[in-house]
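Geometric and topological summary
This is what each chain is made of:
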Amino acid sequence: MTRVPIRRALISVYDKAGLDELARSLHAAGVEIVSTGSTAETISAAGVPVTRVEDVTGFPEALDGRVKTLHPAVHAGLLADLGKPAHQARLEELGIAPFQLLVSNLYPFEAAVSSGAPPAECVEQIDIGGPAIVRAAAKNHEHVAVITDPSRYGDVAAAVAGGGFTLEQRRRLAARAYAHTAAYDCAVASWFASAYAPDETAQETGWPDVTAALWTRREALRYGENPHQRAALYVRGSAAEGPSAGAAEGSSARAGEAPAGIAGATQLHGKAMSYNNYVDAAAAWRAAFDFVQPCVAIIKHSNPCGIALGTDLAEAHRKANACDPASAFGGVIAANGVVTAQMAGQVKDIFTEIVIAPGFEDAALDILSASKNLRLLTCPPPVRGSQAPEWRQVDGGLLLQTPDEIDAPGDVPAGWELKTGQPASADMLADLAFAWRAIRSVKSNAILLASGLATVGVGMGQVNRLDAARLAVSRAGERAAGSVAASDAYFPFPDGLEVLTAAGVRAVVQPGGSIRDQLSIEAAEQAGITMYVTGVRHFFH
């Protein structure tokens, strides 16, 4: 373990969190601190001696701070390979002292963009000197340690006390530093291409000619979709890093905050998550939060085997589980509210892989934790309406699309067109509205039967709509009589609709749009059922 004692540090940070304590710990260890602008002012105000960078370069900060560290006296001190006698001799000739530590973080470009700041202000938040010194120190990691995240300042104090960072630690810090600047450059490049300098196609379509993102490993998974496949979970950006550089010697700090969504869920109990667990949890979360009322969704292999609303989550769970108890065995349960002890008491006797919710009552945790393998996860509710693109990898490329959200005029009964039969009663219309929202979570081709604000039969993932209708009716059994149905796309032929009406379905909601719509309308008229057309499709492949 080749440690490099830290005698001289360059500190230049936008985020001043933890700076006072860091500076005091370095000074107490006898480290000379060189700093820039407001960083130097903060360190000085903390009562810590600091050498200003202009005193090192002999050149004042210029152009509203755009030029501070862009100087040979800084970069030579960061880049000199002290393993080469010629580099050491050249530093002595120039009167430049080397640095062993760089602490730097960058201007808040992404925050400026997110705030809706005008383009000129966003451009001003593009850091130049910061990435340059970070990259320089990372390149020269044989001799320099680089820290880009305030949450790692504790590692600095430990390293100084221990004689410096080891070479292995400096390499890991350098990797994170490059990830930090890469994520920054990705954000700048994507913004320029989409919002600031779009080409003609981007202006016409709204899709940039370039899109970029950095993905950071959050955890390695036990295996992939099948045991012979390896897998890992990655999250957007470089904030959700793994164990700190000092983790091998007892530190367990993690940088940044947990990412949003299922990838950032907190596991409270149970064995480690698998690849399939994450896929199913994401599908369940999507289904449960399509509703405001207390909702429980039970998912198996990315498809719902039960979705229901209730006066409370316990009732919603009972109704969801009743849809298909055989398939619910070994399923994933998502609730859109805090899991109560009453709901937990129902779940505990049913073999379940995961329960995910925004929270759990203490009593519910006690009940569910009795099963050592049951995974209990908490996750903040999803943010709707962000329109952040969805990504899907295909062989040799990447597909992007805007999210399929239930927000079109045709997604609410007021926007539907009555094609046949009498207008639905209030109860029937509520069931139709529920079925229409629930169908969004079913893989295409999809038919969903509902009654009493709960699914009673689901036909999913079929290669034709006739088989989807048959499957939904088969799963519902006697419950099909008197139920309502939703179809995620139009009926290309009347045969699928005829299967539903023959089973006793009273009303149907579907998008319409087939060149043979009139045949389905006539079939609905002959059966004497109510049919609404939404004009909106919700395929889910």
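The structure we're discussing is the one just above.
Attention here is on the structure that accompanies the text. Just so we're clear, the structure is a prediction, and the values are computed from it rather than from any experiment. (Residues numbered from 1 in each chain as written. Predicted model: local features only at pLDDT ≥ 70, side-chain atom pairs only at ≥ 80, totals over all residues. Heavy atoms only, no water.)

Now for the sheet that holds strand β10 (residues 303-309). Across the sheet, six strands lie side by side as β8-β15-β13-β11-β9-β10; this open sheet has mixed pairing. Edge strands, defined here as strands with exactly one partner in the open sheet, are β8 (266-269) and β10. On average, adjacent strands in this sheet sit at an angle of 20° to one another, irrespective of strand direction. Where β8 lies against strand β15 (residues 375-378), three bridges are found, and the strand directions are antiparallel. Following the sheet pairing, Thr266 is matched in β15 by Thr378. Packing of helix α13 (residues 313-323) onto the sheet brings it into contact with β9 (295-300), β10 and β11 (331-335), and relative to β10 it is tilted by some 140°. (Pairing = 2+ DSSP bridges. Helix = DSSP H or I, 4+ residues; strand = E, 2+ residues; numbered from the N terminus. Axes fitted to C-alpha atoms, helices over the stretch in contact; angles between N-to-C directions. Contact = heavy atoms within 4.5 Å.)

Grouped together as the largest cluster of nonpolar side chains are 50 residues, with contacts concentrated most on Ile307, Ile356, Leu432 and Leu448. Among the elements that take part in this core, helix α12 (residues 275-288) stands out by supplying seven residues, more than any other. If we ignore the near neighbours within four places in the chain, the residues touching Ile307 are Ala287, Phe291, Cys295, Val296, Ala297, Ala320, Phe434, Ala438, Ser441, Ala454 and Thr455. (Core = buried A, V, L, I, M, F, W, Y, C linked by side-chain atoms within 4.5 Å. Buried < 20%, exposed > 50% of the residue type's maximum accessible area, 1.4 Å probe, protein only.)

The next point concerns unusual backbone geometry. Negative phi values dominate among residues other than glycine, just as trans dominates among peptide bonds. Backbone torsion omega between Ser444 and Asn445 reads -10°, so that peptide bond is classified as cis. Looking at the element boundaries, Asn445 is found in the loop between α17 (426-438) and β19 (447-450). At His301, a position not held by glycine, the phi torsion is positive, near 50°. Its place among the elements puts His301 in the loop between β9 and β10.

Let us now look at empty space enclosed by the protein. Enumeration according to the criterion identifies two cavities of 30 Å³ or more in this entry. A volume near 30 Å³ is recorded for the second largest cavity. Forming the boundary of the second largest cavity are Cys305, Cys323, Asp324, Val456, Gly457, Val458 and Arg475. The biggest single contributor to the lining of the second largest cavity is strand β20 (residues 455-459), with three residues. Considered class by class, the residues forming the lining of the second largest cavity number four nonpolar, one polar and two charged. (1 Å grid on protein atoms, 1.4 Å probe; cavity = no way out; pocket = protein on both sides within 12 Å on 5 of 7 lines; lining within 4 Å. Points joined across faces, edges and corners; volume = space filled by probe spheres on them. Nonpolar A, V, L, I, M, F, W, Y, C, P; charged D, E, K, R; others polar.)

What follows concerns the sheet that holds strand β22 (residues 507-510). Within a beta sheet, neighbouring strands are joined by backbone hydrogen bonds and run either parallel or antiparallel to one another. Taking strand neighbours across the sheet as the criterion, the six strands line up as β18-β23-β22-β21-β19-β20 in an open arrangement whose pairing is mixed. Of all strands in the sheet, those bounded by a partner on one side alone are β18 (417-420) and β20. The mean angle between the axes of side-by-side strands here comes to 20°, regardless of whether they run parallel or antiparallel. One ladder, built from four bridges, connects β19 with β20; its direction is antiparallel. Bridging across to β20, Ile447 finds its partner in Gly459.

Looking at the element boundaries, Arg286 is found in helix α12. For the buried Arg286, no salt bridge is present, and the opposite-charge side chain at shortest range is Asp404, 4.2 Å distant. For Arg286, the side chain forms a polar contact with the main-chain oxygen of Arg440, separated by 2.8 Å. Apart from the residues within four sequence positions on either side, Arg286 is in contact with Arg384, Asp404, Arg440, Ser441 and Phe540. (Lys, Arg positive; Asp, Glu negative; His and termini not counted. Salt bridge = Lys/Arg side-chain N within 4 Å of Asp/Glu carboxyl O. Polar contact = N/O pair within 3.5 Å; in protein donor to acceptor, adjacent residues only side chain to side chain.)

Let's shift gears to the packing of aromatic side chains. Under the defined criterion, the tally for this structure stands at nine aromatic pairs. Residues Tyr14 and Tyr107 carry aromatic rings whose centres are separated by 6.3 Å and whose planes lie at 70° to one another, so their mutual orientation is edge-to-face. Taken together, the residues span a long stretch of sequence, with Tyr14 in the loop between β1 (8-13) and α1 (19-28) and Tyr107 in the loop between β4 (101-105) and α6 (109-114) at a distance of 93 residues. Residue Tyr14 is classed as partly exposed on the basis of its relative accessible area of 44%. Considering the side-chain rings of Phe109 and Trp191, the 5.5 Å spacing of their centres and the 80° angle between planes classify their relative orientation as edge-to-face. Remark: Trp191 occurs in helix α10 (residues 167-196) and Phe109 occurs in helix α6; sequence separation between them is 82 residues. Phe109 sits in the buried class, given a relative accessible area of 2%. A network of ring pairs unites the aromatic residues Phe109, Tyr184, Trp191 and Phe192 as a single cluster. Between Arg8 and the ring centre of Phe99, over which it is positioned, the NZ or CZ distance is 4.2 Å. Against the face of Phe540 rests Lys443, its NZ or CZ located 5.1 Å from the ring centre. (Phe/Tyr/Trp six-rings, centres within 6.5 Å; stacked < 30°, edge-to-face > 60°. Lys NZ or Arg CZ within 6 Å of the ring centre and 35° of its normal.)

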